[in-house]
Structures are given as C-alpha cells and as structure tokens.
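Architecture at a glance
Next come the chains, spelled out residue by residue.
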Amino acid sequence: MAELLVSAPAKINLHLEVLGLRPDGFHELAMVMQTLDLADKLRLRPTADGHISLSCQRSDLPTDGSNLIVKAAELLKARVGLPELGASIELEKRIPIGAGLAGGSSDGAAALVGLNALWGCGFSREQLLEMAAQLGSDMPFCIDGGTQLCFGRGEVLEPSGLAAPPTLGVLLIKHPEASVSTPWAYSRCREQRGDFYLSREADFEQRRQALRQGPLLEALAGQRPLAPLRNDLQGVVEPEVASVREGLALLRQASEALVVAMSGSGPSLFALFAEVTGAEAARQQLQPALTAAGFEAWVCRCTGSGATLG
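In short, a report on the structure. Positions within a chain are numbered from 1, following the residues in the order the chain's sequence is written. Where local features are concerned, this predicted model is filtered to residues with pLDDT of at least 70; where side-chain atom pairs are given and counted, the filter is 80 or more; whole-chain, interface and lining totals use all residues. Note that water and hydrogens are dropped before the side-chain values are worked out from all heavy atoms of the structure.

Turning next to the pattern of salt bridges. Between side chains of opposite charge, a pair can form when the charged atoms approach closely. Salt bridge, as used here: a side-chain nitrogen of Lys or Arg that lies within 4 Å of a carboxyl oxygen of Asp or Glu. Counted by the stated rule, this structure contains 28 salt bridges. As a salt-bridge pair, D24 and R22 come within 2.9 Å of each other at their nearest N and O atoms. When the shortest N-O distance is used, the salt bridge between D107 and K93 registers 3.0 Å. One end of the pair, D107, is in helix α2 (residues 103–118); the other, K93, is in the loop between β4 (86–92) and α2, and 14 residues separate them in sequence. Here D107 and K93 have matching classes, each one buried. Through salt bridges with shared partners, a single ionic network connects R22, D24, E28, E158, E201, E205, R208 and R212. Where helices and strands are cited, they refer to DSSP runs of H or I of at least four residues and of E of at least two residues respectively, numbered from the N terminus. Only protein chains enter the accessibility calculation, which uses a 1.4 Å probe; a residue whose area is less than 20% of its type maximum is buried, one above 50% is exposed, and one in between is partly exposed.

Strands sit in the order β9-β10-β7-β11 across an open sheet of four strands; the sheet is antiparallel. The open sheet has two edge strands, β9 (259–262) and β11 (296–301), and neither has a second partner. Sheet twist, expressed as the mean angle between neighbouring strand axes with direction ignored, is 20 degrees. Any two strands with at least two DSSP-identified bridges between them are counted as paired. As judged from the six bridges shared by strand β7 (residues 169–174) and β11, these two strands associate in the antiparallel manner. Of the residues in β11, the one forming a bridge with L172 is W298. Pairs of residues are marked as contacts when any of their non-hydrogen atoms sit within 4.5 Å. Between N-to-C directions, angles cover 0 to 180 degrees, with each direction set by a line fitted to C-alpha atoms, over the stretch in contact for helices. The strands touched by helix α9 (residues 242–251) within the sheet are β7, β9 and β10 (269–273), with β10 carrying the most contacts at an inclination of about 15 degrees.

Structure representation (structure tokens):
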C-alpha cells in the first residue's frame with residue numbers, strides 16, 4: 001500500500017457530568033459525546049527505516065514524540081514487535097488546536113486505525129480501543145465516534161442506541177487566542193463542587209442510569225425538544241474566562257438556537273439548531289459581531305463515525 005488517507009473528526013460534549021473522584025485520582029465522568037464533520041486529515045506512507053516522521057502545515061503544532069500521532073505509531077509498532085516498521089505522516093490540521101474538541105486525541109486515534117491498516121497489523125477494534133485508552137481518555141471514543149455515552153475517565157464507551165446521527169446543525173466558535181487548561185478546569189471544579197462529589201460506585205451507577213434513561217437521548221432521537229445541556233466544567237470556566245463568557249453571549253443571540261453550551265473544558269462553544277440551514281443562517285446573522293470580537297466560526301453536521309479510512 002503506497003499511501004493511505006484517514007479522517008480524524010472533532011467532537012463536542014452534549015453532556016458532561018463530574019460525578020466524583022476515582023481511586024486513581026482522575027474524575028469519574030458521565031458524558032455524551034458527538035463527532036462532527038469538521039475533521040483533520042492524515043496522509044500515511046509506509047517506510048522501512050523504522051522511523052516515524054510527522055509534518056504539518058501548522059508551525060505551532062509539535063511534531064516530535066510529544067504528539068499523540070507519534071505516540072500512537074510507536075505504541076502500535078511496539079505491540080506488533082516489528083521495529084523496522086516506519087511511516088511518513090502528513091497532518092492537515094483543520095480542527096482548532098487546544099479547543100476542547102479532542103483534535104489531538106482524534107489525530108492519535110486516526111494514526112492507530114490508519115497504521116493498523118497500512119502496516120497490516122491485523123489488530124481488532126477491541127485491541128485498538130485498549131491501546132487508545134493507554135494514550136488518552138478521549139481517544140477510544142475518537143476511534144468509534146458517533147453519538148456515545150462515555151463513562152470512567154471517558155474511555156468506557158456505550159452506544160447511544162440512536163439509529164442515525166442527530167440531524168442537528170452545529171455552529172461552533174472559538175477565539176484563536178483563548179485557551180483553557182483542562183487540569184486547571186477540573187481542579188477548579190473540585191474546589192467549587194467537591195462537597196457535592198459522589199464517592200460510592202452505586203451512586204455513580206445511579207447517575208449513569210439516569211443519563212441512559214434521561215431526556216437527552218430522547219431529544220437526540222427527535223422524540224422531544226432539547227432541554228439545556230449540562231456541562232459541569234462550564235459552570236467553573238465561564239465566570240473566569242472572558243472569551244467563553246463573550247462567545248456564549250453572542251451565540252445566545254442566534255434567533256433559532258435550541259441550546260448553547262461549552263464543549264469539554266473549553267474554550268470552544270457551540271449552538272445547536274434543528275437543521276444545518278439554521279446554523280448557517282445564524283453564522284451569517286452573527287458574523288459581524290463574531291468578527292469584531294475575533295472569533296472563528298464553523299458550521300458542522302453530526303456524524304456517525306470516528307477515525308475513518310479514505
């Protein structure tokens with residue numbers, strides 16, 4: 001195989017509930033995540049020199065061993081036990097960096113899926129998910145994508161049961177100079193909400209079951225109107241990050257927006273619309289104000305898959 005292309009889609013959080021602390025020090029989460037058609041592209045070419053080389057059109061993106069693409073490639077190579085395997089990887093970056101959209105995790109997931117095919121490793125989906133969980137909490141979801149419930153640190157996946165991706169339109173915005181540290185956001189959440197954290201597995205499971213049977217999945221299936229989305233990190237980030245406050249205020253001005261929320265730990269923000277035409281109309285309505293405030297904007301659709309060959 002001379003060359004392989006892989007798509008690495010962005011995700012948003014449609015629900016992010018911080019349940020409590022785990023014995024390993026991470027937070028126990030209950031989430032619903034959704035992939036979008038905003039995607040990075042990886043171009044993979046095999047080499048026989050044992051070297052993993054990564055290039056990207058974005059000069060501000062590290063392409064050394066700290067990048068999850070390189071980490072994924074090295075893990076896959078070690079697992080298959082063939083040190084001579086190499087690859088030349090070109091990353092076309094479309095997902096904004098440091099945005100709470102799992103761009104880095106999705107790139108790493110795409111590397112696992114793509115190199116597994118390129119090198120003929122033959123690892124199963126379950127094996128790839130296990131490797132992905134070693135590299136990052138969001139990465140297993142980025143392999144599967146679609147609409148999924150995500151528990152644990154985010155690596156425990158459950159299908160939503162939806163027959164098809166939601167037909168919602170998404171208006172996504174981010175200020176290019178804004179950034180939010182995920183560890184800081186969780187630390188602030190613990191400081192402000194720690195008294196309400198649950199500690200027993202039975203209580204965690206009760207909250208998981210409430211999400212499984214709650215109104216959000218029914219709304220995503222088109223069976224009822226969308227209620228306001230829950231993101232426990234938004235409550236601690238919004239008061240302290242000016243671009244998040246300003247962006248949410250702008251999105252709330254969109255006339256047909258069903259709900260407005262922050263994705264993950266931010267700073268990306270989104271509004272959902274009944275159809276993609278509503279999201280496009282809102283972008284046109286808000287474009288002067290978004291431009292004046294320095295925000296970038298994307299109109300997206302929900303998709304039913306994660307990292308995809310071709």
